[in-house]
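Okay, here's what each chain looks like letter by letter:
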Amino acid sequence: MKRENFQSRLGFLLVSAGCAIGIGNVWKFPYVTGENGGGVFVLFYLLFLVIMGVPVLTMELAVGRASRKSAVLGYKALEPKGSKWHVHGWFCVIGCCLLMMYYTTVAGWMLDYFYKFATGAFNGMTIEAVDGVFNEMLANPGEMTVFMVIIVLAGFLVCSFGLQKGLERISKWMMLALLALIVVLAVHSLMLPGAAEGVKFYLLPDFQRAAEQGIGNVMTAAMNQSFFTLSLGIAAMEIFGSYMSRDNSLTGESVRICCLDTFVALMSGLIIFPACFSFGVEANSGPALIFMTLPRVFINMAGGRIWGALFFLFMTFASFTTVLAVFENIMASCIDTFGWTRKKATVVCCVFILVASMPCVLGYNQWYFSLVLPNAPGGGQILDIEDFLVSNLLLPLGSLVYLLFCVSKWGWGFDKYLEEANTGTGLKMSRMFKPYFQFILPILILVILIQGLL
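Residues numbered from 1 in each chain as written. Predicted model: local features only at pLDDT ≥ 70, side-chain atom pairs only at ≥ 80, totals over all residues. Heavy atoms only, no water.

**So, a nonpolar patch on the surface**
How we decide: Here, patches come from residues exposed beyond 30% relative accessible area and free of salt bridges, joined within 9 Å for like charges and within 5 Å for nonpolar side chains (Val, Leu, Ile, Met, Phe, Trp, Tyr). Calculation of accessible area relied on Shrake-Rupley with a 1.4 Å probe; when residues are assessed, cover is drawn exclusively from the protein chains displayed. Whenever Lys or Arg places a side-chain nitrogen within 4 Å of a carboxyl oxygen from Asp or Glu, that contact is recorded as a salt bridge. By definition, any uninterrupted DSSP run of H or I lasting at least four residues is a helix, any uninterrupted run of E lasting at least two residues is a strand, and each is numbered from the N terminus.
Taken together, the side chains of Val 183, Val 187, Met 191 and Phe 263 present a nonpolar region at the surface, about 360 Å² in accessible area. Looking at where Phe 263 falls in the secondary structure, it is placed in helix 14 (residues 250-278).

This is the structure in C-alpha cells:
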C-alpha cells in the first residue's frame, strides 16, 4: 500500500507544531517562567531548546522519513539484523495510548468551559462560585464523560478521512485559527490597565528572583520545559517524518516547529500575566490557573463572556490538535503493524480509547484516591499517575533510545542519520556535533529522567 504524504510543507509544519503545542504550553510555561526570573528562564529555555530539543526532534523525524513507517516497523526497517531496537516501538504505542487516556479528558474540560462561557453560565457569578464550577465538574462523571466522548469521536472522525483530507486539512485551519486567537487575546491583555507590570514580571530578566530559586534550579527547570514541550520520545513526531517529503532538511524543519511552539508558549504568558496583574489575581500553576484563576479574571473584565469563550476556544484548539496528531500515530501503527484498513483502525482504536479514558474521568469522583507522586501537578489521582508515567518515564527514556539508535554503531548509526537529516534544502546538521550527540546529550537526558523520578 502506497504511503500517504502531506499535501504541502505548510501542512506538515502546522500539524507537527500542533502536536507539540498543547496544554503544557499554557498552564505550565508562563508560571514556570514567572517563578524562575522571567527573561533569565526564557534565555536558558531557548538555549536548551536549541541544544537538546532540535537534535532529538531531527532524530525522531529522520527515523520516520528514512523508514516511511510508524514506530515498530520504522525501527525494524533501519535496525541492524538481529537487534531488538523495535521493542521500543511498542513502548511508543503504549505511551501514545497512555497519553490519550488522560489528555482526552483534559481536552474535554476545555470544551466544557468554552461551552459554559459561550452560553453565559459565568455571568454574574461571585469569585467563590467560579472556583466551585471546576470542583462541581470534577465531581460530575456524567458531564466529564460527555465532553471527553465528543473529543474522542470528533478526533477519530477527522483521522478516518486520511492524512490529507482529514488530519492535515483540519489541523491546518485549527492551527491558523489558534495563532490568530492567541494574538487577539494577547493584544487585548496588553491593553488592560496595569498590564505593563505583568509583562515586566513575566519577561524582564530578574536575576534576584532567579538567584532566590537558585541558578541551578532555573537551568534544570528550563531544560525540563524545553524538552517536554515537543512531546519527544513516544514517536508522536516520527509518524509525521514518515509522511513528509525529502525536499527540506530536517534541521531546518525542526527549528521551524520549535519556533511555532515557543511563539505560542511565550504569547500564552502575554495573555495570562497582564490580565492577572491588571485584576490583582495571583497567577498560579497547573489546572487551577486555567479553570479557577483565569475565569475570575474574565468575570471582572468588560466583555468577559466573549474573552473567556475565545480563550477556551484557543485552549480547545491547542489540545485538540495534539489529540488528532496522537490518534493518527496510534491508527498508523495499527495499519502498518497489523495490516488493518483505516476504517477498521478507526473503529477499534476509537472504542479502545473511549474505554481507556474512563478511569481518568472516574478518578476524580467514583474512584477517587490520593497518593504522593514526585512532580505531580495535582494530588495524585489517576490522571496524575498516567501523566507521571508518560512525562517522567516514557518521554525521556524514549528520547534516549532514539538518540542512541541514531548515534551509536549498534543502532542505525550517526552517518546514516546525518545523511537523512541533511537531505533537502535548508539548514544542515554539522558532523562536528557527533561527540556532543554521543557523550554529552545522553547525560543531559539522563539528568532529566533521574530528576523526574526523584
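Now that the structure has been shown, we can carry on.
**Brief notes about the pattern of salt bridges**
In plain terms, the rule: For every residue, the accessible area obtained with a 1.4 Å probe (protein chains only) is divided by the maximum for its type, and the residue is called buried under 20%, exposed over 50%, and partly exposed between those limits.
Using the criterion set out here, one finds 13 salt bridges in the structure. Lys 116 serves as the salt-bridge partner of Asp 112, at 3.0 Å between the closest nitrogen and oxygen. Here Asp 112 and its partner Lys 116 are both found in helix 6 (residues 87-118), four residues apart, which amounts to about one turn of the helix. Residue Asp 112 shares its accessibility class with Lys 116, and that shared class is buried. Where Glu 420 meets Arg 246, a salt bridge forms, and the shortest distance between an N and an O atom there is 2.8 Å. Taken together, the residues span a long stretch of sequence, with Glu 420 in helix 19 (residues 414-421) and Arg 246 in the loop between helix 13 (238-243) and helix 14 at a distance of 174 residues. Using a relative accessible area of 6% as the deciding quantity, one classes Glu 420 as buried.

**Focus: unusual backbone geometry**
For Arg 68, which is not glycine, the phi torsion reads 60° and is therefore positive. With respect to the helices and strands, Arg 68 occurs in the loop between helix 4 (39-67) and helix 5 (71-78). Owing to a relative accessible area of 25%, Arg 68 belongs among the partly exposed residues under this scheme.

**Points about helix 15 (residues 287-300)**
For clarity, the threshold we go by: Expected span, for any helix, means 1.5 Å times one less than how many residues it has. Each residue is assigned a bend, namely the angle between axes fitted to the seven residues that terminate at it and the seven residues that start at it. Whether two residues are in contact is decided by their heavy atoms: any pair within 4.5 Å suffices.
The terminal C-alpha atoms of helix 15, which comprises 14 residues, lie 20 Å apart, in line with the 20 Å expected from a rise of 1.5 Å per residue. At Leu 294, helix 15 shows its maximal bend, which comes to roughly 30°, and the proline Pro 295 appears one to four places after that position. Three or more residues of helix 15 are buried, namely Leu 289, Ile 290, Phe 291, Met 292, Thr 293, Leu 294, Pro 295, Val 297 and Phe 298. As for helix 15, its buried residues are in contact with helix 2 (23-27), helix 6, helix 7 (127-139), helix 14 and helix 16 (304-338).

**Side note on the side chain of Thr 316**
Looking at where Thr 316 falls in the secondary structure, it is placed in helix 16. A relative accessible area of 7% places Thr 316 in the buried class. Ignoring anything within four residues of it in the chain, the contact list for Thr 316 reads Met 110, Leu 111 and Phe 114.

**Remarks on empty space enclosed by the protein**
Our working rule: Think of a 1 Å grid over just the protein atoms. A cavity is a set of points where a 1.4 Å probe fits yet cannot get out, a pocket is an open set with protein on both sides within 12 Å along at least five of seven lines, and lining residues have an atom within 4 Å of a point. Grid points are joined across faces, edges and corners, and a volume is the space filled by probe spheres set on the points. Gly falls in the polar group here, along with every residue not listed as nonpolar (Ala, Val, Leu, Ile, Met, Phe, Trp, Tyr, Cys, Pro) or charged (Asp, Glu, Lys, Arg).
Scanning all chains against the criterion turns up one cavity of 30 Å³ or more. Of the volumes computed, that of the largest cavity is approximately 40 Å³. Looking at the largest cavity, the residues that line it are Leu 185, His 188, Ser 189, Ile 271, Ala 275, Phe 298, Met 301 and Trp 307. When residues of the lining of the largest cavity are traced back to their parent elements, those giving at least two are helix 9 (163-190) and helix 14. Here the element with the most residues in the lining of the largest cavity is helix 9; it accounts for three residues. Within the lining of the largest cavity, the residues separate by chemical class into six nonpolar, two polar and no charged.

**Side note on the environment of Gln 366**
Mapped onto the secondary structure, Gln 366 falls in the loop between helix 17 (342-362) and helix 18 (382-407). Using a relative accessible area of 56% as the deciding quantity, one classes Gln 366 as exposed. Sequence separation between Gln 366 and Glu 79 is 287 residues; the distance between their C-alpha atoms is 46 Å.

**Describing the nonpolar core**
Heads up, the rule is: The criterion is simple. A nonpolar core is a set of buried Ala, Val, Leu, Ile, Met, Phe, Trp, Tyr and Cys residues joined through side-chain atoms within 4.5 Å.
Counting 163 residues, the largest nonpolar core has Met 52, Trp 109, Phe 240, Ile 290, Phe 311, Phe 314 and Tyr 417 as the members making the most contacts within it. The element that contributes the greatest number of residues to this core is helix 16, accounting for 19 residues. In this view, Tyr 417 contacts Pro 55, Thr 58, Met 59, Ala 62, Cys 406, Trp 412, Met 429 and Phe 437; residues no more than four positions away in its chain are not counted.

**Concerning the packing of aromatic side chains**
Rule in force here: Whether two aromatic rings pair depends on their centres lying within 6.5 Å, for rings of Phe, Tyr and Trp, where Trp uses its six-membered ring; planes under 30 degrees apart make the pair stacked, over 60 edge-to-face, and the rest tilted.
For the structure on display, the rule yields 38 aromatic pairs. With 5.8 Å between their ring centres and 85° between their planes, Phe 117 and Phe 298 make a pair best called edge-to-face. Linking Phe 117 in helix 6 with Phe 298 in helix 15, this pair joins segments that are 181 residues apart in sequence. Like Phe 117, the residue Phe 298 is buried in the burial classification. Between Phe 311 and Phe 314, the aromatic rings sit 6.0 Å apart at their centres with planes inclined by 65°, giving edge-to-face as the arrangement. Note that Phe 311 and Phe 314 are positioned in helix 16 at a spacing of three residues, about one turn of the helix. Connected via pairs of aromatic rings, a cluster forms that spans Trp 27, Trp 109, Tyr 113, Phe 117, Phe 122, Phe 134, Phe 291, Phe 298, Phe 311, Phe 312, Phe 314 and Tyr 364.

Taken by themselves, the reported measurements are silent on function.
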